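Letter by letter, the chains look like this.
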Amino acid sequence: NAGVMQNPRHLVRRRGQEARLRCSPMKGHSHVYWYRQLPEEGLKFMVYLQKENIIDESGMPKERFSAEFPKEGPSILRIQQVVRGDSAAYFCASSPGGAKFFGPGTRLTVL
Amino acid sequence: DQQVKQNSPSLSVQEGRISILNCDYTNSMFDYFLWYKKYPAEGPTFLISISSIKDKNEDGRFTVFLNKSAKHLSLHIVPSQPGDSAVYFCAAKSNFGNEKLTFGTGTRLTIIP
């Protein structure tokens, strides 16, 4: 049973470009969470999705950030018009409930 | 507002001795607590958890203690091994938080051979 998959592992974008981060949950998990870790900080919750539904987006910045988890395919975290402050590690977690299983993360660098 | 605090950014422990990592929280609605271990360039790996109805949970070399009145929990690792060197995150959630986790800022544990 493969774990949580994230790709790409590293992503470099110039200011103003778009970043798309993908997450495939563990088999059988229908809950996906996105977290962001800024340098020297802990992980901060961004958004919680179930298939085709956003359940809680209280941690998402109001502008430029969006997330989806379609019926088929991976969950996507989309950042439009990236700025240097978006540089961080973005982790996806999946869960049937209880303890969460995290993916390896995508490290986004904005030049 | 940091609701979960790990006040020691780093800790060094001799191999074979006990490592004690501490965590404090402020939100009295938290009722489930988890510890994660993280290596560089990897995602956090779940270690051990404890529900607020318990004050201790043990799994092999890892034991978590919860003091609800003090809003404090700790992770004990004994004996410490070189492979335990990593960053350890404490996390908490409430029954009303739809499984959303609130993390501390982490403690970097270094085991000295």
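Structure: above.
Cut-offs used in this document
- Residues numbered from 1 in each chain as written.
- Chains lettered and ligands numbered in written order.
- Predicted model: local features only at pLDDT ≥ 70, side-chain atom pairs only at ≥ 80, totals over all residues.
- Heavy atoms only, no water.
- Helix = DSSP H or I, 4+ residues; strand = E, 2+ residues; numbered from the N terminus.
- Buried < 20%, exposed > 50% of the residue type's maximum accessible area, 1.4 Å probe, protein only.
- Contact = heavy atoms within 4.5 Å.
- Lys, Arg positive; Asp, Glu negative; His and termini not counted.
- Charge placed at Lys NZ, Arg CZ, Asp CG, Glu CD.
- Pairing = 2+ DSSP bridges.
- Axes fitted to C-alpha atoms, helices over the stretch in contact; angles between N-to-C directions.
- Buried area = accessible area lost by both parts, 1.4 Å probe.
- Salt bridge = Lys/Arg side-chain N within 4 Å of Asp/Glu carboxyl O.
- Polar contact = N/O pair within 3.5 Å; in protein donor to acceptor, adjacent residues only side chain to side chain.
- Nonpolar A, V, L, I, M, F, W, Y, C, P; charged D, E, K, R; others polar.
- Disulfide = S-S within 2.5 Å.

1. Details of the overall build of chain B
- What chain B contains, in helices and strands, is zero helices and 11 strands.
- Listed by position from the N terminus, the elements making up chain B come as β-β-β-β-β-β-β-β-β-β-β.
- Along the first, second and third principal axes, the C-alpha atoms of chain B reach 45 × 30 × 20 Å.
- Relative to its full complement of 113 residues, chain B shows a buried share of 44%.
- Taking contacts inside chain B between residues at least 6 apart in sequence as the whole, the part at least 24 apart equals 55%.
- On chain B, the mean spot of the 12 positive side-chain charges and the mean spot of the 10 negative ones are 3 Å from each other.

2. Focus: the sheet that holds strand β8 (residues 75-79) of chain A
Residue and element names in this part refer to chain A.
- Read from one edge to the other, the open sheet built from four strands follows the order β1-β3-β8-β7, with strand pairing classed as antiparallel. Edge positions in the sheet fall to β1 (5-7) and β7 (65-68), since each of these pairs with one other strand and no more. Going across the sheet, the axis of each strand differs from the next one's by a mean of 15°, ignoring polarity.
- Where β1 meets strand β3 (residues 19-24), three bridges bridge the pair, whose relative direction is antiparallel. Bridged to Asn-7 within β3 is Arg-22.

3. Focus on the sheet that holds strand β6 (residues 56-59) of chain B
- What the five strands build is an open sheet, ordered β1-β3-β8-β7-β6 (chain B); its pairing is antiparallel. The sheet is open, and its two edges are formed by β1 (4-5) and β6 of chain B, each paired on a single side.

4. Examining the interface of chain A and chain B
- Contacts between the two partners involve 20 residues from chain A, matched on the other side by 17 residues from chain B.
- When chain A packs against chain B, the two sides together hide about 1500 Å² of surface, and 57% of this comes from carbon and sulfur.
- Between Lys-100 of chain B and Asp-56 of chain A there is a salt bridge, with its nearest N and O atoms 3.8 Å apart.
- In this assembly, chain A and chain B are joined by three residue pairs in polar contact (both at pLDDT 80 or more).
- Put simply, the parts of the chain that give the side of chain A that touches chain B at least two residues each are β4 (31-37) and β5 (43-50) of chain A.
- When residues of the side of chain A that touches chain B are assigned to their parent elements, the largest contribution, four residues, is made by β5 of chain A.
- Here the residues of the side of chain A that touches chain B sort into nine nonpolar, six polar and five charged.

5. Things to note about the state of the cysteines
- The full count for this structure, using the stated rule, is two disulfides over all chains.
- In this model Cys-23 of chain A forms its disulfide with Cys-92 of chain A; the gap between the sulfur atoms is 1.7 Å. Here the S-S torsion is close to -45°, and the disulfide linking Cys-23 of chain A with Cys-92 of chain A is therefore left-handed. Residue Cys-23 of chain A is located in strand β3, and its partner Cys-92 of chain A is located in strand β9 (residues 88-95); the two are separated by 69 residues in the primary sequence. With respect to class, Cys-23 of chain A is no different from Cys-92 of chain A; both count as buried.
- Shown here is the disulfide that connects Cys-23 of chain B with Cys-90 of chain B, its sulfur atoms set 2.0 Å apart. Taking the torsion about the S-S bond as the criterion, the Cys-23 of chain B to Cys-90 of chain B disulfide, at about -70°, is left-handed. Of this pair, Cys-23 of chain B sits in strand β3 (residues 19-25) while Cys-90 of chain B sits in strand β9 (residues 86-94), and the two are 67 residues apart along the sequence. As far as burial versus exposure is concerned, Cys-23 of chain B and Cys-90 of chain B are alike and both buried.

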